[in-house]
Amino acid sequence: MANDELFQKGFQNRKAVLGAAHVEKSWNAADDFNRPMQKLVTEYCWGEIWGDDTLPFKTRSLVNLAMLTAMSQHHELASHVKGALRNGCTREEIRAVLLQAAIYCGVPLALAAFRVASEAIAAYEAEAARG
């Protein structure tokens, strides 16, 4: 697949998971310095990896929640909690992943992840209620 095709596939996948407004805002805010990184992430993270049909988006979302919790990447975790909900994950499934992360990654990381996830779930539900 040509890079332009990979980019387009990645851009669509990224919007499907993270929300079109979030992705378009990130892309439009990119400048000459950081645009190459945005392009790389869009092509290879979202085009190549998320574009691989071996795992459904729901499974990828749950895996991401565990990894982002383990790495204490709260900004990314909040975006991916909302993405997980868009991909059909339930609050209970998200909670189960974070509880498992508490055991394997540590309680302080999981407590922080629960705080981030709770805020992200509330924001997602408020956005959904507005239409």
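Residues numbered from 1 in each chain as written. Predicted model: local features only at pLDDT ≥ 70, side-chain atom pairs only at ≥ 80, totals over all residues. Heavy atoms only, no water.

The name that an unreviewed UniProt entry assigns to the protein is Gamma carboxymuconolactone decarboxylase, with the source organism given as Bordetella genomosp. 8.

Observations concerning the domain arrangement of the protein
Annotation of the protein at the domain level lists domain 1 (1–53) and domain 2 (55–130). The centre of domain 1, based on its C-alpha atoms, is set 21 Å off from the matching centre of domain 2. Contacts between domain 1 and domain 2 engage eleven residues on the former and ten residues on the latter. Of the roughly 900 Å² buried between domain 1 and domain 2 on both sides combined, carbon and sulfur atoms contribute 57%. On the domain 1 side of the contact with domain 2, V17, L18 and W50 bury the most area, a combined 58% of that side's loss. For the pair domain 1 and domain 2, the interface holds one salt bridge. With its nearest N and O atoms 3.8 Å apart, the salt bridge here joins R60 to D52. Inspection of the region where domain 1 meets domain 2 yields five residue pairs in polar contact (both at pLDDT 80 or more). Residue assignment for the side of domain 1 that touches domain 2 shows that the elements contributing at least two residues are α1 (3–18) and α3 (35–49). Of the residues forming the side of domain 1 that touches domain 2, the biggest block, four residues, is contributed by α1. (Domains from an automatic or database assignment. Contact = heavy atoms within 4.5 Å. Buried area = accessible area lost by both parts, 1.4 Å probe. Salt bridge = Lys/Arg side-chain N within 4 Å of Asp/Glu carboxyl O. Polar contact = N/O pair within 3.5 Å; in protein donor to acceptor, adjacent residues only side chain to side chain. Helix = DSSP H or I, 4+ residues; strand = E, 2+ residues; numbered from the N terminus.)

A look at the layout of surface pockets
Unoccupied space between atoms shows up once a probe the size of one water molecule is rolled over them. By volume, the largest pocket amounts to about 490 Å³. Forming the boundary of the largest pocket are 22 residues, of which V41, C45, W46, E76 and H80 lie nearest the centre. Looking at the lining of the largest pocket, the elements that each hand over two or more residues are α1, α2 (20–29), α3, α4 (57–70) and α5 (74–86). Broken down by element, the lining of the largest pocket gets its largest block of residues, six residues, from α3. Grouping the amino acids of the lining of the largest pocket by side-chain chemistry returns twelve nonpolar, seven polar and three charged. Considering only enclosed or pocket space, the second largest pocket measures out at about 220 Å³ in volume. (1 Å grid on protein atoms, 1.4 Å probe; cavity = no way out; pocket = protein on both sides within 12 Å on 5 of 7 lines; lining within 4 Å. Points joined across faces, edges and corners; volume = space filled by probe spheres on them. Nonpolar A, V, L, I, M, F, W, Y, C, P; charged D, E, K, R; others polar.)

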